Amino acid sequence: MSSTLPSVNSSMPKHVAIIMDGNGRWAKQQGKLRTFGHKAGVEAVRASVRYAREQGIKALTLFAFSSENWNRPEEEVSVLMELFTFVLKSEVKKLNRNDVRLRVVGDTSKFGAKLQQLIEKAEKLTESNSSLVLNIAANYGGRWDIVNASKKIAEKVQAGELALDNIDESLFDQHTALSSLEEVDLLIRTGGDCRISNFLLWQLAYAELVFTDVLWPDFNEQYFQQAVQVFSSRQRRFGLTGEQVESSVGVTC
Ligand code: IPE
Ligand code: IPE
Ligand code: MG
């Protein structure tokens, strides 16, 4: 992410993050097991990637598995890991053909060796793609990200590579999991709950938050478009007054 804030008059978000919530309830509504909802959610992931690419969104960050989700029943966690492995295998070629760069952000060291290898392979294969950066947040926690960045910086200070005076917001940002990407403009959460659930705590500082009751497996291009429209209708002020924003050139909202 750049240290400067995004332009106040950009109506299309450059970086969208999504908390893909509601799979379990979606399945329950149909009298099925929760894991059925996770499987059905894969199609909503495909639709979101498609929409992001078509609309020229530069980065899409999807919350797939939180550091707290390990506490779910063992059977559900193991289905989620299998599903992640399966989707990585089945979708990577297509993502690559579509010029999508895939990155997995989170503490991947906790995953099995096979899954870690697949992640590495997929990241390597797609590393030079540039139409869209697709970040899959897996075993990710916003607090983990902040602590991890702090540790990396502390190590450099300890090694004498960095002086305390060099630590500022921009440097800190460079040590977080989404470093070097655009600022998150829009956060969408499906499933009806209005909370962040330890997602991108540092990166959401000035994001627009859009919450929808739609359950994740029902999410599609139209719902994505609606969330973008809500985003476009908001006036982003970044601490300025509304009058200051309106008087700047080319303001559309
Ligand atoms: C989100 O759906 C997917 C993950 C957290 C892995 P949920 O599984 O949380 O679905 P609900 O919220 O219980 O309906
Ligand atoms: C957030 O959803 C995590 C993901 C979507 C991966 P949760 O369902 O885990 O969040 P809480 O527990 O309702 O806050
Ligand atoms: Mg949930």
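## Quick notes on the pairing of strand β1 (residues 15-19)
Thought 1: The buried fraction of β1 is high, at five of five residues.
Thought 2: Of the two faces of β1, the one carrying H15, A17 and I19 and the one carrying V16 and I18 are both buried.
Thought 3: As paired strands, β1 and strand β2 (residues 59-66) are joined by five bridges and run parallel to one another. The partner of A17 across the bridge, within β2, is T61.
Thought 4: Looking at chain direction, β1 and strand β5 (residues 186-189) are connected through four bridges and run parallel. Bridging from a neighbouring strand, A17 pairs with L187 of β5.

## Quick notes on the nonpolar core
Thought 1: The biggest cluster of nonpolar side chains holds 40 residues, and the ones touching the most others in it are I18, L60, F84, L88, L134 and F224.
Thought 2: Looking at this core, the element that brings in the most residues is helix α3 (residues 74-97), giving seven residues.
Thought 3: Each residue touching F224, except ones within four places of it in the same chain, is listed here: V16, I18, S48, Y51, I57, L60, I188 and F219.

## Comments concerning helix α7 (residues 221-233)
Thought 1: Its 13 residues place the ends of α7 18 Å apart at the C-alpha level, agreeing with the 18 Å of an ideal helix rising 1.5 Å per residue.
Thought 2: For α7, the set of buried residues is F224, A227, V228 and F231. Along the axis of α7, the buried residues cluster in a sector spanning 100°; they form a single face. Set apart from the buried face of α7 by more than 90 degrees, the exposed residues are Q222 and S233.
Thought 3: Structurally, the start of α7 carries an N-cap: the backbone nitrogen of Q222 is 3.0 Å from a side-chain oxygen of N220.

## Overview of the sheet that holds strand β3 (residues 100-105)
Thought 1: Pairing is parallel across the open sheet formed by six strands, whose spatial order is β3-β4-β2-β1-β5-β6. Two strands lie at the open edges of the sheet, namely β3 and β6 (208-211), each paired on one side alone. Taken over all neighbouring pairs, the strand axes of this sheet differ in orientation by 20° on average, direction set aside.
Thought 2: Pairing of β5 with β6, which is carried by four bridges, proceeds in the parallel orientation. Looking across to β6, one finds that R189 is bridged to F211.
Thought 3: Along the sheet face, α3 touches β2, β3 and β4 (132-140) and points at about 155° away from the line of β3.

The rules we used
Residues numbered from 1 in each chain as written. Chains lettered and ligands numbered in written order. Predicted model: local features only at pLDDT ≥ 70, side-chain atom pairs only at ≥ 80, totals over all residues. Heavy atoms only, no water. Buried < 20%, exposed > 50% of the residue type's maximum accessible area, 1.4 Å probe, protein only. Helix = DSSP H or I, 4+ residues; strand = E, 2+ residues; numbered from the N terminus. Pairing = 2+ DSSP bridges. Core = buried A, V, L, I, M, F, W, Y, C linked by side-chain atoms within 4.5 Å. Contact = heavy atoms within 4.5 Å. Expected span 1.5 Å × (residues − 1). Arc of directions from axis to C-beta. Polar contact = N/O pair within 3.5 Å; in protein donor to acceptor, adjacent residues only side chain to side chain. Axes fitted to C-alpha atoms, helices over the stretch in contact; angles between N-to-C directions.

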